[in-house]
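# Structural description and commentary
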Amino acid sequence: MRRNVKASWIGVALAFGVALAPDVARADASAWAFAGAGALAWKEGTAALAPRAHLNFDYGVGTSPDGSFIVGGLARLTPVIDEGLDLSLLARFATHGFQAGKVGVALDVGGYQRLWGTYSRGVAGGLTLGLPLGFSIGVQGLYGTGDALAFGAFAGIDFLRLTVYRQSMLDAWPNPYPAQQTPAATASFGPSRFF
């Protein structure tokens, strides 16, 4: 019995020693905070397509920004002006160039719930082109129950890609606390040990 207690204390001491040992550790994740606006065409049931303005607000997190490809989740709020709010939960697949603030693409796919008009839920998706300084342009669409259909284009800025994830224009505007561990020039080419 005494031997088991002694072994337990040694195990606890080793665990604390390992846990408290100083070392460099990075557990950075990708994140998105986008705001934008655009135009779309939408309809419900047998009605004709109607043009509307809309806003887009995206919030999400993903895998390490050091990877060649980034996988994450995204919540998208789409207020349709004079109508109501569509809420989407999407999976995001992005390139390192998209996240680092250079040029890249992100594909979003998932489901949506319409919170106005006729009850509707279904499939939503979008394709976004990320430009330097967090600017983005893209297209999005949805199709769901009640023959709900919407598609359109948007433009805006991702505030996190503009600040902590930015790896472009560093000579003119340094990024003092970049989230990436690997410089953008080496991370976007060839195989990566990160996903």
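Residues numbered from 1 in each chain as written. Predicted model: local features only at pLDDT ≥ 70, side-chain atom pairs only at ≥ 80, totals over all residues. Heavy atoms only, no water.

## Topic: the pattern of salt bridges
Taken as a whole and judged by the stated rule, the model has six salt bridges. Here Glu44 makes a salt bridge to Arg114, at a shortest N to O gap of 3.4 Å. Placement of the pair is Glu44 in the loop between β1 (30-43) and β2 (50-62) and Arg114 in strand β5 (residues 104-114), with a sequence separation of 70 residues. In this structure, Glu44 and Arg114 share a single accessibility class: buried. Here Arg114 makes a salt bridge to Asp86, at a shortest N to O gap of 3.0 Å. Of this pair, Arg114 sits in strand β5 while Asp86 sits in strand β4 (residues 84-95); the two residues are 28 residues apart in sequence, bridging distant segments of the chain. Each of the two residues, Arg114 as well as Asp86, counts as buried. Residues participating in the shared-partner salt-bridge network are Asp58, Arg76, Arg92 and Asp108. (Salt bridge = Lys/Arg side-chain N within 4 Å of Asp/Glu carboxyl O. Helix = DSSP H or I, 4+ residues; strand = E, 2+ residues; numbered from the N terminus. Buried < 20%, exposed > 50% of the residue type's maximum accessible area, 1.4 Å probe, protein only.)

## Focus: the pairing of strand β3 (residues 69-80)
By the alternation rule, side chains of β3 split into Ile70, Gly72, Leu74, Arg76, Thr78 and Val80, which are all buried, and Phe69, Val71, Gly73, Ala75, Leu77 and Pro79, of which none is buried. In terms of strand pairing, β2 meets β3 through seven bridges, oriented antiparallel. What sits directly across from His54, in β3, is Val80. Between β2 and β3, which follow one another and run antiparallel, lie six residues. Pairing analysis gives 12 bridges linking β3 to β4, with the strands arranged antiparallel. Bridge pairing links Pro79 to Leu85 in β4. Connecting β3 to the next strand, β4, in antiparallel fashion are three residues, including Asp82 with a positive phi near 70°. (Pairing = 2+ DSSP bridges.)

## Quick word on the confidence of the model for the protein
Mean pLDDT over the protein stands at 84; residues scoring 70 or higher make up 79%. Throughout residues 184-195 the model reports pLDDT below 50, and contacts reaching past four residues in sequence, or to other chains, amount to 23 contacts. (pLDDT = per-residue confidence, 0-100. Contact = heavy atoms within 4.5 Å.)

## Focus on the sheet that holds β4
In space, the eight strands of this closed barrel follow the order β1-β2-β3-β4-β5-β6-β7-β8, with antiparallel pairing throughout. Going from strand to strand, the sheet's axes swing by 25° on average, the running direction of each strand aside. Sheet topology places β5 next to strand β6 (residues 120-130); 11 bridges connect them, and they run antiparallel. Bridge assignment links Gly104 to a residue of β6, and that residue is Gly130. (Axes fitted to C-alpha atoms, helices over the stretch in contact; angles between N-to-C directions.)

## So, the nonpolar core
The biggest cluster of nonpolar side chains holds 17 residues, and the ones touching the most others in it are Trp32, Trp42, Ala94, Phe98, Tyr112, Ala124 and Leu142. Those elements that place two or more of their residues in this core are β1, β3, β4, β5 and β8 (148-158). Once you skip the residues sitting within four places of it in the chain, Ala124 turns out to touch Ser88, Leu90, Asp108, Val109, Gly110, Gly111, Tyr112, Gly141 and Leu142. (Core = buried A, V, L, I, M, F, W, Y, C linked by side-chain atoms within 4.5 Å.)

## Some thoughts on the environment of Gly97
Note that Gly97 resides in helix α2 (residues 96-99). Spatially, the C-alpha atom of Gly97 lies 9.8 Å from that of Ser168, the residues being 71 residues apart in sequence.

## Looking at the packing of aromatic side chains
The tally for this structure, following the rule as stated, stands at two aromatic pairs. When the centroid spacing of 5.8 Å and the interplanar angle of 70° are considered together, the rings of Phe34 and Phe154 count as edge-to-face. Of this pair, Phe34 sits in strand β1 while Phe154 is found in strand β8, placing the two residues 120 residues apart along the sequence. With respect to class, Phe34 is no different from Phe154; both count as buried. Considering the side-chain rings of Trp42 and Trp116, the 4.9 Å spacing of their centres and the 85° angle between planes classify their relative orientation as edge-to-face. Placement of Trp42 in strand β1 and of Trp116 in the loop between β5 and β6 is noted, with a sequence separation of 74 residues between them. For the pair Trp42 and Trp116, one class covers both residues: buried. (Phe/Tyr/Trp six-rings, centres within 6.5 Å; stacked < 30°, edge-to-face > 60°.)

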